[in-house]
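Notes for the structure review
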Amino acid sequence: MQDFTIYTSAQLSVVQGVNYGGPLSVNGELYLDDVYRLKTNAQPTRLTLQEEASGRWHRVAAHSAIGAIGAAVHLDSQVTLMSEAGQTFDALIFVEVELGEIKQVYLSAFSALQPDTDYRLIGIDCHVNPHKLAELSDPIFYPGTQITLADGRQCAAEDLKPGQEVLTHDFAQQKVTCVEIETQRAQGKNRPIRISKSHFGTDHDLILSAEHRILYPQTNGSYGGRFIKAEELRNGTTIDWVEAGFVECVKIRFATEHLIFANGIAVQSHLRGEDRDSEAVERLPRAVQSSWHPAKPSRRALYLPSRLPYKNID
């Protein structure tokens, strides 16, 4: 099963162009240079899909937050959008069908969409590489990963229960809404990434899905940081793919996305992260910032010192 952060077609409407006034549609009904706008109060939703044995179709999973359970969903096309500021990014369009009729159109973007912002359609590709799906799926944790709870204790990811409170980047207490454990086949670029404990100076190795984002510090010794996918940190030694095979994985869900601590490292929680910059780090508590801020350039990630009681953090 895979989770995708999506917007529905009704949340994106054309404000300029051939399809003026209409919602996002499917390949064949899209026109280049049409300008789309995300509605003011639009909120992303989680679509959970289960792959059919043939691999050609997916179906809406029972616990998906949207869609008719069991309905067929196929990958329609990949589009390229450009913001008013000139930033370009790709997005995938999914189509939910029932008895041969389109019931819903979804868009899952590779970059965060902003409400009341115009996006011009500059590319349409109906031949989509299936591996693109892996780039959009939610991050996964693996058994043994220690998640920091709100009271400072550590709990293995697989032992978390709905209702437990986890420590977030702003030292808030956020409740876990769902924990799912399943077995997946790890092969090729779908394998998880192992980060050696020696790389960040933590107590244990950290295993994350390749698309999982880590808050990585500036390399010039100044405050701030940016989110980098685990795959992009791969160096072939201290950070590399795990061996291919079948692996157990853990999906942890919250009501909204949060920055949590896994083996002491600050990572995204469950929803696919935005294109973040150093501003996110500047808002973190001083105790966390100073815990990783080096006197000279370093490769240490933003982390919560192990065995540090929550009550002692100011």
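An unreviewed UniProt entry lists the protein chain under the name Hedgehog/Intein (Hint) domain-containing protein, with Planktomarina temperata RCA23 as the source organism.

Here we take up the overall build of the protein chain. Along its length, the protein chain carries 4 helices and 22 strands. Within the span of the protein chain, comprising 314 residues, buried residues form 49% of the whole. A sequence separation of at least 24 residues applies to 60% of the contacts in the protein chain between residues at least 6 apart.

Scanning the entire structure with this criterion turns up 4 salt bridges. With its nearest N and O atoms 2.6 Å apart, the salt bridge here joins R153 to D151. For D240, the salt bridge identified is with R234, shortest N-O distance 3.7 Å.

Mapped onto the fold, S77 is located in strand β6 (residues 72-83). Among the polar contacts listed, one links the side chain of S77 to the side chain of D76, at a separation of 2.9 Å. Excluding residues within four positions of it along the chain, S77 makes contact with N27, L30, A91, L92, I93, D125, C126 and V128.

Right, let's talk about the packing of aromatic side chains for a bit. In total, this model carries 2 aromatic pairs according to the counting rule given. With centroids separated by 5.2 Å and ring planes inclined at 45°, the aromatic side chains of F4 and F94 adopt a geometry described as tilted. Residue F4 is found in strand β1 (residues 2-8), and its partner F94 is found in strand β7 (residues 88-98); the two are separated by 90 residues along the sequence. Grouping residues by exposure puts F4 and F94 together as buried.

With respect to the helices and strands, the residue Q268 is situated in strand β22 (residues 265-268). Judged by relative accessible area, which is 2%, Q268 ranks as buried. At a separation of 2.9 Å, a polar atom in the side chain of Q268 contacts the main-chain amide nitrogen of R213.

Despite not being glycine, D33 has its phi angle at roughly 80°, a positive value. Relative to the elements of secondary structure, D33 occurs in the loop between β2 (12-16) and β3 (35-38). Backbone geometry at D116 places phi at a positive 55°, although glycine is not the residue there. Within the element layout of this structure, D116 appears in the loop between β8 (101-109) and β9 (118-125).

Both β2 and β3 contribute to a ladder of 4 bridges, which runs antiparallel. Paired with L12 across the bridge in β3 is L38. Relative to β9, β3 runs antiparallel, the two sharing 3 bridges. Along β9, the bridge assignment pairs V35 with R120.

With that out of the way, let us pick up the sheet that holds strand β16 (residues 206-208). Strand order across the open sheet formed by 3 strands is β16-β15-β19, with antiparallel pairing between neighbours. Each of the sheet's edge strands pairs with one partner strand only, and the pair in question is β16 and β19 (239-241). Neighbouring strand axes in the sheet, compared pairwise and without regard to direction, differ in orientation by 25° on average. Of the strand pairs in this sheet, strand β15 (residues 193-195) and β16 are connected by 3 bridges, and their pairing is antiparallel. Bridge assignment links R194 to a residue of β16, and that residue is I207.

Take the pairing of β8 next. Taken together, the 2 bridges between β1 and β8 define a ladder with antiparallel strand orientation. Looking at β8, one finds that T8 is bridged to Y106. By the bridge criterion, 8 bridges tie β7 to β8 in an arrangement that is antiparallel. What sits directly across from I93, in β8, is L107.

Right, let's get into the nonpolar core. Inside soluble globular proteins, nonpolar side chains tend to come together where they are buried. Of all hydrophobic cores here, the largest spans 28 residues; its most connected members are F141, I147, V166, I195, I214, I252 and V267. Listing elements by their share of this core, those giving two or more residues are β15, β16, β17 (213-217), β19, β20 (245-253), β21 (259-262) and β22. Core analysis: the next-biggest nonpolar cluster, separate from the first, contains 23 residues, A42, L81, V97 and Y119 among them.

The next subject is the confidence of the model for the protein chain. Averaged over the protein chain, the pLDDT score is 78; the fraction of residues at 70 or greater is 76%. Confidence over residues 305-314 falls short of pLDDT 50; this stretch has 15 contacts with residues more than four positions distant or in other chains.

By the element assignment, Q174 lies in strand β13 (residues 173-175). Its relative accessible area of 27% is what places Q174 among the partly exposed residues.

Turning our attention to the environment of E243. Relative to the helices and strands, E243 is located in the loop between β19 and β20. For E243, a relative accessible area of 72% translates into the label exposed. Measuring from C-alpha to C-alpha, the distance between E243 and A186 comes to 7.9 Å, with 57 residues separating the pair along the chain.

Parameters and conventions
- Residues numbered from 1 in each chain as written.
- Predicted model: local features only at pLDDT ≥ 70, side-chain atom pairs only at ≥ 80, totals over all residues.
- Heavy atoms only, no water.
- Helix = DSSP H or I, 4+ residues; strand = E, 2+ residues; numbered from the N terminus.
- Buried < 20%, exposed > 50% of the residue type's maximum accessible area, 1.4 Å probe, protein only.
- Contact = heavy atoms within 4.5 Å.
- Salt bridge = Lys/Arg side-chain N within 4 Å of Asp/Glu carboxyl O.
- Polar contact = N/O pair within 3.5 Å; in protein donor to acceptor, adjacent residues only side chain to side chain.
- Phe/Tyr/Trp six-rings, centres within 6.5 Å; stacked < 30°, edge-to-face > 60°.
- Pairing = 2+ DSSP bridges.
- Axes fitted to C-alpha atoms, helices over the stretch in contact; angles between N-to-C directions.
- Core = buried A, V, L, I, M, F, W, Y, C linked by side-chain atoms within 4.5 Å.
- pLDDT = per-residue confidence, 0-100.

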